[in-house]
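Examination of the molecular architecture
These are the residues of each chain, in order.
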Amino acid sequence: MQTPATTPRDINPTEDGKALRIVWEDGHESVYLPFDLRMSCPCAGCVDESSGRRTLTEAMVPPNVYPTAIEYVGRYALKFVWSDRHDTGLYSFDLLRGLCGCEECNKMPAPPRRSSR
Ligand SMILES: [Zn+2]
Ligand SMILES: [Zn+2]
């Protein structure tokens with residue numbers, strides 16, 4: 001299910017080129033460091049499918065890793081081609097929104113929903 005919170009309006013590198021910024025339809029802005037994104041790769045090569053445990057360790061990823069290409073996969077995900085040649089991870093917008101490391105998202109792990117508008 002796509003909501004404004006998981007629909008990207010804009011996907012661009014930050015001005016200094018060091019990070020990736022996604023502006024969402026609900027106006028929220030997320031900034032991702034390439035290394036953190038690479039470490040969050042959800043593919044079967046990075047996460048053990050049966051246990052759900054991450055098999056990828058920080059030692060396996062170059063600290064200066066960066067995406068050489070970013071492709072849309074349908075309307076629901078992005079595929080990154082990384083400078084370490086890894087390209088099997090599909091990052092759904094759900095996942096990406098959940099990875100947002102901003103202060104606001106971090107202090108509200110489970111935002112309470114109010115029925116009144
Ligand atoms: Zn992976
Ligand atoms: Zn956020």
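This report concerns the structure included in the present document. Keep in mind it's a predicted model, so treat the numbers as computed, not measured.

What counts as what
Residues numbered from 1 in each chain as written. Chains lettered and ligands numbered in written order. Predicted model: local features only at pLDDT ≥ 70, side-chain atom pairs only at ≥ 80, totals over all residues. Core = buried A, V, L, I, M, F, W, Y, C linked by C-beta atoms within 7 Å. Buried ≥ 20, exposed ≤ 12 C-beta atoms within 10 Å, placed from the backbone. Helix = DSSP H or I, 4+ residues; strand = E, 2+ residues; numbered from the N terminus. Pairing = 2+ DSSP bridges. Axes fitted to C-alpha atoms, helices over the stretch in contact; angles between N-to-C directions.

This paragraph deals with the nonpolar core. Among the nonpolar cores identified, the biggest contains 11 residues, and these are Leu 20, Ile 22, Trp 24, Tyr 32, Leu 37, Leu 78, Phe 80, Trp 82, Tyr 91, Phe 93 and Leu 96. Sorting the residues of this core by element identifies strand S2 (20-24), strand S5 (77-82) and helix H2 (93-99) as the ones contributing at least two each.

Pairing is antiparallel across the open sheet formed by 3 strands, whose spatial order is S4-S5-S6. The open sheet has two edge strands with one neighbour each: strand S4 (67-73) and strand S6 (90-92). Sheet twist, expressed as the average angle between the axes of neighbouring strands with direction ignored, equals 30 degrees. One ladder, built from 6 bridges, connects S4 with S5; its direction is antiparallel. Residue pairing for S5: Val 73 is matched across the bridge by Ala 77.

Moving on to the sheet that holds strand S1 (residues 8-13). Taken together, 3 strands build an open sheet; the order of strands is S1-S2-S3 and the sheet is antiparallel. In this open sheet, the two edge strands, each paired with only one partner strand, are S1 and strand S3 (29-32). Shown here is a sheet whose adjacent strand axes are inclined to one another by a mean of 15 degrees, direction ignored.

The quantities given are spatial measurements derived from coordinates; they are silent on function.
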